[in-house]
Amino acid sequence: MSPNVFPAPETVKTTAYTDQKPGTSGLRKPTKVFLESENYTENFIQAIIAAIPGGDDRKGKSLVVGGDGRFYGRQAVDIIIKIAVANGVTNLVIGQSTILSTPALSNLIRKRDPSCLGGIILTASHNPGGPDGDFGIKFNCPNGGPAPDAVTNQIFSISKALTEYRICKELPAIDLDKIGVTEFEVASIGNVRVEIIDSVEDYVNMMKEIFDFGLLKEFLDSFPVVINAMSGVTGPYVQRIFREDLCSCNPQSTFLNTEPLPDFGGHHPDPNLTYAADLVKILKENPELYQFGAAYDGDGDRNMLLGAGGFFVTPSDSLAVLAANLTTIPYFVKTGVKGLARSMPTSAAVDRVGKKLGLNVYEVPTGWKYFGNLMDAGKLSLCGEESFGTGSDHIREKDGIWASLAFLSVLANKKIGVKELMESHWKEFGRNYFLRLDYENVDGEKANKMITDLENKLKTTKPEILTEEIFNAAKGSGAAVVPEKYKIAFTDNFEYTDPVDASVAKGQGLRLVFDNGCGRLVWRLSGTGSSGATVRVYLEKFDGENVVGEALDSLKDFVEISLKLTNLHEVLNVTGPTVIT
Ligand code: VG1
Ligand code: CO
């Protein structure tokens, strides 16, 4: 064998795990599980690659790899290279220092190579990282989107039956920090090419095509912003797009936590009012100075948007406002607006815009993977989730930085501030007051039982009795109740049939929907946690007249209704939610 030819793959015996089931968005577990369970990563990577078409179909086609820079990412990339090559993948494209935001990776899958096999994202997204935090692995398909249920089910069933994996233990050392190409030959596989690419460049170029950077820059010259990358993957993107370009002429604009850290500085990289409280504080303390604030999660697909003084824009509302103003963005002028969509728990604010504009608004289950088919079929341009996810068909993932550039484009176009924009939107469309209450890390069995009991109750209780119970709970809250408004339209466990491939997703969340579009309550269990359970309660109430109140006031009675129907505090042994948004 010539010195440049590396040995053929080895087959290693392994024992299958039964718990490698991808959740709402990939496999997420405590980092310790990956570190301490023998072959845990190897098995799952082998299962992913086995789910990709094999043989010559893998040769010469690229697999994109990157992540949010969290602890254990580098070791995982090393394992991916060795297992992918051993399974006949001969072209790997990897973000420098393993960094690629989830949206940037989605873009690379779509743009780098028309026959791309997909990508592997190393992230547990908004979950904390580090040896005591979480790690995660997610597979994205050749369309750039998260693997749909059919693919994740296949990966899961392969993982449960795995008896061996293939690996090339000896490959040349690849400097993951250095941009460049390494080529070598592996016996029985052939020529292999590993490319380390700039993590940011392709993404920045895409943003420049989508938005009017000239307009944004001019606007931001006199519109100071604060942006918090939360020590996650967006740091280098914020640096290049905001600090060095759009805000370069505004020394007042401020950028926080722009260095990606393996443990996110010990924080929870989740951009909400609780975990990004530092951003809220800065805006509150400097109401005359900062006009806009944004924060992103660990892997850069979520965004939280704030206005001067800490004015909070709910993700459901930002989706609706964008929908109403899409033509301020050059990309949509070019592509046209094909349709809108939201996840089921997201408020119906966007539905009102869709109705006015004559656009279809699709309602899909929680999780970005459900938007992909609609986009691929040309039915969908803009979509969002109440969980700080907003995006469009420019890629197949939600996109935090894109969302803030889109929102800023609307402001720049109208030359107004965040609060003014929201209030004028509500005056035109009415307001869907919205709250989400999260009860994190509660006992799994109890949470499951609570949901099952509630489902049975909603199914079996006579409507008049349920109405009475709801009315009494609402009255007890002290909120002004208009009982006739609270007539129940229906209750169910949300089920979705994909309009494109007719696949069905069942059990996606309990709904209690009131008549006349005046509001609803939704309960579901999170599918992204790594231990215990998280119960999410979503409350929504429409008000066409009083549009400038506080969500907590407006929804006081719904909070009480939810507590009474579930007995949540008693059953879960908690005194209140851990996060309110
Ligand atoms: C949560 C959100 C969901 C989002 C998912 C992944 O899922 O509710 O809307 O798509 O996280 O987001 P769950 O099952 O915990 O409610 V990300 O940024 O963590 O990939
Ligand atoms: Co994320």
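Structure's up top.
Not measured: the values here are computed from a predicted model.

### Comments concerning empty space enclosed by the protein
In step 1: This structure, assessed with the given rule, holds five cavities of 30 Å³ or more.
In step 2: Considering only enclosed or pocket space, the largest cavity measures out at about 230 Å³ in volume.
In step 3: Taken together, 25 residues line the largest cavity, and the ones lying closest to its centre are Thr24, Arg302, Ser387, Lys398 and Thr528.
In step 4: The space that makes up the second largest cavity amounts to roughly 90 Å³.
In step 5: Residue lining of the second largest cavity: 16 residues in total, with Pro22, Gly26, Lys138, Phe139 and Thr152 positioned closest to the centre.
In step 6: Looking at the lining of the second largest cavity, the elements with two or more residues in it are α2 (40-51), β7 (134-140) and α5 (149-161).
In step 7: By residue class, the composition of the lining of the second largest cavity is nine nonpolar, five polar and two charged.

### Brief notes about the coordination of the cobalt ion (ligand 2)
In step 1: The protein atoms that coordinate the cobalt ion (ligand 2) are Ser125 (OG), Asp297 (OD), Asp299 (OD) and Asp301 (OD), at distances spanning 1.9 to 2.1 Å.
In step 2: Read in sequence order, the donor residues for the cobalt ion (ligand 2) give the motif S-x171-D-x1-D-x1-D. Of the two residues, Ser125 is situated in the loop between β6 (118-122) and β7 and Asp301 in the loop between β13 (292-296) and β14 (303-307); the sequence distance between them amounts to 176 residues. Accessibility assignment for this pair places Ser125 and Asp301 in one class, buried.

### With respect to the pairing of strand β16 (residues 340-343)
In step 1: Here β16 shows no split at all, with Leu340 and Arg342 on one side and Ala341 and Ser343 on the other all buried.
In step 2: Relative to strand β17 (residues 361-364), β16 is paired through four bridges, and the arrangement is parallel. Residue Ser343 lies in a different strand from β17, and its bridge partner there is Val364.
In step 3: Read from β16 through helix α12 (residues 349-357) to β17, the crossover connection turns out right-handed.
In step 4: Inspection of the sheet shows β16 paired to strand β18 (residues 382-385) by three bridges, in the parallel sense.

### Description of the nonpolar core
In step 1: Core analysis: the biggest nonpolar cluster contains 73 residues, and Phe242 and Trp402 have the highest contact counts within it.
In step 2: Tallying contributions element by element places helix α14 (residues 400-414) first for this core, with ten residues.
In step 3: Each residue touching Phe242, except ones within four places of it in the same chain, is listed here: Ile227, Tyr237, Cys247, Ser248, Phe255, Tyr296, Ile401, Ser404, Leu405 and Leu408.
In step 4: Ranked by size, the runner-up nonpolar core spans 49 residues in total, among them Phe34, Tyr40, Ile48 and Ala86.

### A closer look at the pattern of salt bridges
When charged atoms on two side chains of opposite charge get close, those side chains can pair.
In step 1: The final tally for this structure, using the stated rule, is 39 salt bridges.
In step 2: Between Glu10 and Lys169 there is a salt bridge, with the nearest N and O atoms lying 3.5 Å from each other. Separated by 159 residues along the polypeptide, Glu10 in strand β2 (residues 10-13) and Lys169 in the loop between β8 (164-167) and β9 (180-186) bring together distant segments of the chain.
In step 3: A salt bridge links Lys208 to Asp245; its shortest N-O distance comes to 3.6 Å. One end of the pair, Lys208, is in helix α6 (residues 201-210); the other, Asp245, is in helix α8 (residues 235-246), and 37 residues separate them in sequence.
In step 4: Judged by its relative accessible area of 41%, Lys208 is partly exposed.

What counts, and at which threshold
Residues numbered from 1 in each chain as written. Chains lettered and ligands numbered in written order. Predicted model: local features only at pLDDT ≥ 70, side-chain atom pairs only at ≥ 80, totals over all residues. Heavy atoms only, no water. 1 Å grid on protein atoms, 1.4 Å probe; cavity = no way out; pocket = protein on both sides within 12 Å on 5 of 7 lines; lining within 4 Å. Points joined across faces, edges and corners; volume = space filled by probe spheres on them. Helix = DSSP H or I, 4+ residues; strand = E, 2+ residues; numbered from the N terminus. Nonpolar A, V, L, I, M, F, W, Y, C, P; charged D, E, K, R; others polar. Donors = N, O, S within 2.8 Å, 3.2 Å for Na, K, Ca; no water. Buried < 20%, exposed > 50% of the residue type's maximum accessible area, 1.4 Å probe, protein only. Pairing = 2+ DSSP bridges. Right-handed = clockwise from strand over helix to strand, strands pointing away. Core = buried A, V, L, I, M, F, W, Y, C linked by side-chain atoms within 4.5 Å. Contact = heavy atoms within 4.5 Å. Salt bridge = Lys/Arg side-chain N within 4 Å of Asp/Glu carboxyl O.

Just geometry here; none of it tells us what the structure is for.
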